[in-house]
Amino acid sequence: MPRSSHGSAGVLYLVRCPGVVQKLHEGPGEMGKPVVLPKEDQEKMKEMFKINQFNLMASEMIALNRSLPDVRLEGCKTKVYPDNLPTTSVVIVFHNEAWTTLLRTVHSVINRSPRHLLQEIVLVDDASERDFLKRPLEIYVRKLRLPVHVIRMEQRSGLIRARLRGAAASKGQVITFLDAHCECTVGWLEPLLARIKHDR
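What comes next is a walk through the structure. All residue numbers here refer to positions counted from 1 along the written sequence of the relevant chain. Where local features are concerned, this predicted model is filtered to residues with pLDDT of at least 70; where side-chain atom pairs are given and counted, the filter is 80 or more; whole-chain, interface and lining totals use all residues. Water and hydrogen atoms were dropped before computing side-chain values, which therefore reflect all heavy atoms in the structure.

A few points about helix H7 (residues 190-198)
Listing the buried residues of H7 in full gives Glu190, Leu193, Ala194 and Ile196. The buried residues of H7 all sit within an arc of 165° when viewed along its axis, so they share a single face. In H7, the exposed positions that point more than 90 degrees away from the buried face belong to Arg195 and His198. Any residue under 20% of the maximum accessible area for its type is buried, any over 50% is exposed, and the rest in between are partly exposed; the area is computed with a 1.4 Å probe on protein chains only. Secondary structure elements are defined from DSSP: runs of H or I of at least 4 residues count as helices, runs of E of at least 2 residues count as strands, and each element is numbered from the N terminus. Working definition: the arc comes from the directions between the helix axis and the C-beta atoms, pointing outward to the latter.

Quick look at the environment of Arg165
Turning to its location among the elements, Arg165 is positioned in helix H6 (residues 159-169). Separated by 43 residues in the primary sequence, Arg165 and Val122 place their C-alpha atoms 9.8 Å from one another. Contacts were defined at the residue level, with two residues in contact if any of their heavy atoms lie within 4.5 Å. Setting aside residues up to four positions removed in sequence, Arg165 forms contacts with Ile151, Arg152, Met153 and Glu154.

Observations concerning the sheet that holds strand S5 (residues 148-152)
In spatial order, the strands read S5-S4-S3-S6; together these four strands make up an open sheet with parallel pairing. Of all strands in the sheet, those with a lone pairing partner are S5 and strand S6 (174-178), marking the two edges. Taking each pair of neighbouring strands and ignoring which way they run, the sheet shows an average axis angle of 25°. Across five bridges, strand S3 (residues 88-94) lies against S6 in parallel orientation. We treat two strands as partners when DSSP finds at least two bridges between them. The axes are straight lines fitted to the C-alpha atoms, using for helices just the contacting stretch, and the angles between their N-to-C directions are given from 0 to 180°.

Remarks on the pattern of salt bridges
What makes a salt bridge here is a side-chain nitrogen of Lys or Arg within 4 Å of a carboxyl oxygen of Asp or Glu, nothing more. All chains considered together, the criterion is met by 10 salt bridges. The shortest N-O distance in the salt bridge between Arg66 and Glu183 comes to 2.7 Å. Taken together, the positions of Arg66 in the loop between helix H2 (56-61) and helix H3 (74-77) and Glu183 in the loop between S6 and H7 put the pair 117 residues apart, joining distant regions of the chain. The exposure class of Glu183 is partly exposed, given its relative accessible area of 27%.

Description of the environment of Met153
Mapped onto the fold, Met153 is located in the loop between S5 and H6. The exposure class of Met153 is buried, given its relative accessible area of 10%. C-alpha separation for the pair Met153 and Gly166, spaced 13 residues apart in sequence, amounts to 9.9 Å. Residues in contact with Met153, not counting those within four places in the same chain, are Val124, Asp125, Asp126, Ala127, Arg161, Ala162 and Arg165.

The following block contains the structure:
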């Protein structure tokens, strides 16, 4: 949207494109591989499923900054974008989101966005009730290598109002909205900003 006026061992850092660091690990879910749970954990997995309606047990086994494959077509991998693309603020709204999925989203944005294009990440909490999404989250994001701001809605307001609140606090030239449970891969950001630079 254009503006108007747990971790695994054996980390290897590979630079995939300018300003983007891809971290390769060994462990469950690395490079997008499936997580296979032993039969004895199936009942516990089903109980944990009820919390967020997805396989939370598997999610907790995957590193927060896991490696992911480059899923672009070959022609996209060689495409060159202008150096002077606009900067963006990434706004992520959440309500009672799981710790692992929210932070995996944040880490993927930081790890796979050219640093000079990423102004900040704005997390908008739409009145979550879970304690780990309060002070523990604020302490965690303070240690990240990019400005990550947490904004709290006073009461449950819904996705649109929460996004507008995040947009109002954003400082980037472009505002990018992401879900709280997605993962960005290499090359996700540049095409979006290039389109806006070409015709806002």
